Amino acid sequence: MARILHRRHLLLLAAAVAVVASVLRPAAAVRPFVLVLSGDDFIKDSAAHPSLPSADSAGTDADEWDDFADDSPTADPLLSPSSWVPLLDPASPSASDDEPDSTADALFVAGARAMLSAASAGDDAAFATAAAQIEAASAGGHPGAQSALAFLSGAGMTRPASRSRAFLLHKFAADAGDLQSRMALAYSYFRQEMYEEAVALYAELAEAALSSSLISKEPPVIESIRLHSGTEENKEALRKSRGEDDEDFQITEYQAQRGNAAAMYKLGLLYYYGLRGLRRDYGKAFHWFSKAVEKGDTRSMELLGEIYARGAGVERNYTEAYKWLTLAAKQQHYSAYNGLGYLYVKGYGVEKKNLTKAREFFEIAADNKEAGGHYNLGVLYLKGIGVKRDVIRACNLFLHAVNAGQPKAIYQVAKLFQKGIGLKRNLHMASVLYKSVAERGPWSSLSRWALESYLKGDVGKALLLYSRMADLGYEVAQSNAAWILDRYGDESICMGENGFCTDMERHLRAHALWWQASEQGNEHAALLIGDAYYYGRGVARDYERAAEAYMHAQSQSNAQAMFNLGYMHEHGHGLPLDLHLAKRYYDQAVAVDSTAKLPVMLALTSLWLRKNYADSFLVHFIDSLPEIYPVVEEWVEDVLMDEGNATILTLFACLVTVLYLRERQRRQAAAANPQPPDGAVAPM
């Protein structure tokens, strides 16, 4: 319904159809997450915290202070036998060093590799063979195969779609330790509002995510790139995700090589965090940060301190870390104060532990809006480490860090909601927060491979990988997979129950993915669901369900949805015929988005005509536009916009213009030199 409703009203002013058709562009991204709590959400009675950690145990509890862990994680989920990463990245070592431990292992590896290859080649027969191998491995008890088979069963690939069978297989795999199936199960529980079960799984996954990845600073290690903006390809975001092939990167690299300190710092950040399609490379990051410092860039000092403290690409050296963090702090880089506070808490690189100095450094960082400072200071007050315990203050500090995107703070607040410490127990909110941290885990690297596949033109593999991540609950993957299904529907990339997807299978799968994305706050997805029901695209036409979807988008302050609801009230489609409510929605649309002013003005004009001239010819003409418009649009696209016809029409227009200008020139010349009437004597 989206832009078409605008066009219907604009047909009242036939000359303006193409201009205003795109005035309201539906949002493609989820609105930023901001956690806002009221006083009622806090527990003010300190006696009501039976599970609050004691001050005595706080000093020996290192779980809250693992920013610069002494040891690497004992197990990397990326390298588990269930992971697809070794199959996607030849340079990645596998957990079994490419030596399968059993027949089931061999079948799973062969099947998963063949499945990815078949998706790339668009070979439905090879895909079915690969699925059979995975099914055989699943029968042998392989958790990775059970997880993959659950994904295929849920999506209806090479077998009838069965959510119950998918759930059972994910349960078996999760019980055997498969983390991807635990993600899928947690998401399934979350959608069903079974928050006790969801929060238990998401808490484990969030902890695994924090312990396995360096994600203590924003932006995240794995960037979630949305392939589309509205219904169009998101060309700008995709251009910036091409890694070393991106022109901007090449310019930055050239500037850095010529001695530009700012460019050196930027390159260091790109390699350190693995941004814009680059693979993480601590060695290159250290190189460029060091070069930048030599050129006088003080921002790189703090990053060098962090690198030495973590031992990322260099041998861990707390003395060097303290030196660089101190130099950065003297230059008023406040994140360095947070690092120094941590070193004093642990006693690393300094003479001895000093909780007073640690608190002072954390306070300086927090006072200057450094999220890490808010988080660490919150831990001090929560546990009473070097300060008097103050749970309410700790919660407030954590909330500052949460709204700055600090993952450890998000995890901590989720735990407080789960346990009812400082904040009233709220399992729904705990699940939401744990989920946001869990989705930063190493399994999110599938999004990088999906994006790389898409950029290389391997849309089949991209669809498969995004669909896999959609099964785990990633909203961006859900919308990307749905958009690919809609955009590339004519290509043989969608695997269905028997061979390639039928049009109905493709529509239903895209519809399900859009719906899941809309549940997680994607406004554009909710609009597309409404359009599907309004027009009967892939589903039976249902105005009432269309209205529900638009209501969902409207609740997220989406102007397009408000406009659509106004139109439905104006015409009584799925909603009561109510001109007053229609006007209210139209007014809300322009209040939310000023670019809606022109279409809303036209809609209000139509509304005024309907109210004052209900049975007039003009109103009947407006009501007939939905039937007229598709015919006009088809004629424009098939006749006027045809390349050959457009060329002929252009030449014809040019010829008419030339003839008109020549005729006007002739008339002007004649007016300047009037001829005497017949028989008249010309003046001497």
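In short, a report on the structure.

Each value, and the rule that gives it
Residues numbered from 1 in each chain as written. Predicted model: local features only at pLDDT ≥ 70, side-chain atom pairs only at ≥ 80, totals over all residues. Heavy atoms only, no water. Helix = DSSP H or I, 4+ residues; strand = E, 2+ residues; numbered from the N terminus. Buried < 20%, exposed > 50% of the residue type's maximum accessible area, 1.4 Å probe, protein only. Contact = heavy atoms within 4.5 Å. Areas by Shrake-Rupley, 256 points an atom, 1.4 Å probe, with all protein chains shown as cover. Disulfide = S-S within 2.5 Å. Expected span 1.5 Å × (residues − 1). Core = buried A, V, L, I, M, F, W, Y, C linked by side-chain atoms within 4.5 Å. Salt bridge = Lys/Arg side-chain N within 4 Å of Asp/Glu carboxyl O. Phe/Tyr/Trp six-rings, centres within 6.5 Å; stacked < 30°, edge-to-face > 60°. Axes fitted to C-alpha atoms, helices over the stretch in contact; angles between N-to-C directions. Parallel < 35°, antiparallel > 145°, perpendicular 65-115°, else oblique. Left-handed = near helix turned anticlockwise from the far one by under 90°. Nonpolar A, V, L, I, M, F, W, Y, C, P; charged D, E, K, R; others polar. Arc of directions from axis to C-beta. Polar contact = N/O pair within 3.5 Å; in protein donor to acceptor, adjacent residues only side chain to side chain.

**Considering the overall build of the protein chain**
Alright, step 1. Counting its secondary structure elements, the protein chain contains 33 helices and two strands.
Alright, step 2. When the 684 residues of the protein chain are sorted by exposure, 49% land in the buried category.
Alright, step 3. A separation threshold of at least 6 residues defines the contact pool for the protein chain, and within that pool the share at least 24 residues apart is 59%.
Alright, step 4. Within the structure as shown, the protein chain displays about 32400 Å² of accessible surface, and the carbon and sulfur contribution to it stands at 54%.

**Quick look at the state of the cysteines**
Alright, step 1. In this structure the tally under the stated criterion is one disulfide.
Alright, step 2. Two residues, cysteine 494 and cysteine 501, share a disulfide whose sulfurs are 1.9 Å apart. Of note, the bridge from cysteine 494 to cysteine 501 carries an S-S torsion of about -60° and is left-handed in sense.
Alright, step 3. Cysteine 494 sits in the buried class, given a relative accessible area of 6%.

**Brief notes about helix H25 (residues 475-487)**
Alright, step 1. Taking 1.5 Å of rise per residue, the 13 residues of H25 would be expected to cover 18 Å, and the 18 Å separating its terminal C-alpha atoms lies within 8% of that figure.
Alright, step 2. The buried count for H25 comes to 11 of 13 residues, which makes it a mostly enclosed element.
Alright, step 3. By the burial criterion, the buried members of H25 are Glu475, Val476, Ala477, Gln478, Ser479, Asn480, Ala481, Ala482, Trp483, Ile484 and Leu485.

**A look at the nonpolar core**
Alright, step 1. Counting residues in each nonpolar core, the largest one holds 183 residues, and the members touching the most others are Trp84, Phe127, Tyr202, Tyr434, Tyr454, Tyr466 and Ile484.
Alright, step 2. For this core, the element with the highest residue contribution is helix H10 (residues 195-212), accounting for 10 residues.
Alright, step 3. When sequence neighbours within four positions are dropped, the list of residues in contact with isoleucine 484 reads Leu227, Tyr454, Val459, Ala462, Leu463, Tyr466, Gly489 and Ile493.

**Some words on the pattern of salt bridges**
Alright, step 1. According to the stated counting rule, one finds 22 salt bridges in the structure shown.
Alright, step 2. For glutamate 320, the salt bridge identified is with lysine 323, shortest N-O distance 3.3 Å. Highlighted residues: glutamate 320 and lysine 323, both in helix H16 (residues 318-330), separated by three residues, approximately one helical turn.
Alright, step 3. What makes lysine 323 partly exposed here is its relative accessible area of 37%.
Alright, step 4. A single salt-bridge network, built from bridges that share partners, covers Glu236, Arg239, Lys240, Asp246 and Asp248.

**What to know about the packing of aromatic side chains**
Alright, step 1. In the structure shown here, the tally under the stated rule is 22 aromatic pairs.
Alright, step 2. Centroid distance phenylalanine 249 to tyrosine 271: 6.1 Å. Interplanar angle 85°. Geometry classified as edge-to-face. Taken together, the positions of phenylalanine 249 in helix H12 (residues 247-257) and tyrosine 271 in helix H13 (residues 261-273) put the pair 22 residues apart, joining distant regions of the chain. Tyrosine 271 matches phenylalanine 249 in its accessibility class, with the two residues each being buried.
Alright, step 3. Put simply, the rings of Tyr265, Tyr272, Tyr273, Tyr282 and Phe289 pair up and form one aromatic cluster.

**Re the packing of helix H6 (residues 124-139) against helix H7 (residues 143-155)**
Alright, step 1. Relative to each other, H6 and H7 sit at 130°, their axes nearing to 8 Å. The angle between the axes of H6 and H7 places the two elements in the oblique class. Once H6 is placed against H7, the crossing between them reads as left-handed. Facing Phe127, Ala131, Ile134, Glu135, Ala137 and Ser138 of H6, the residues of H7 in contact are Ala145, Gln146, Ala148, Leu149 and Leu152.
Alright, step 2. Considered class by class, the residues forming the contact of H6 with H7 number eight nonpolar, two polar and one charged.

**Topic: H16**
Alright, step 1. With 13 residues, H16 should cover 18 Å at 1.5 Å per step; its first-to-last C-alpha distance of 18 Å lies within 8% of that length.
Alright, step 2. Within the sequence span of H16, burial applies to Tyr318, Ala321, Trp324, Leu325, Ala328 and Ala329. Taken down its axis, H16 places every buried residue within 140° of arc, on the same side. In this structure, H16 carries Thr319 and Lys330 as exposed residues pointing more than 90 degrees from its buried face.
Alright, step 3. In the core, the buried residues of H16 are packed alongside helix H14 (282-294), helix H15 (299-310) and helix H17 (334-346).
Alright, step 4. One side-chain oxygen at the N-terminal end of H16 lies 3.1 Å from the backbone nitrogen of threonine 319; it belongs to asparagine 317.
Alright, step 5. The positive-phi residue at the C-terminal boundary of H16 is glutamine 332, with phi of around 65°.

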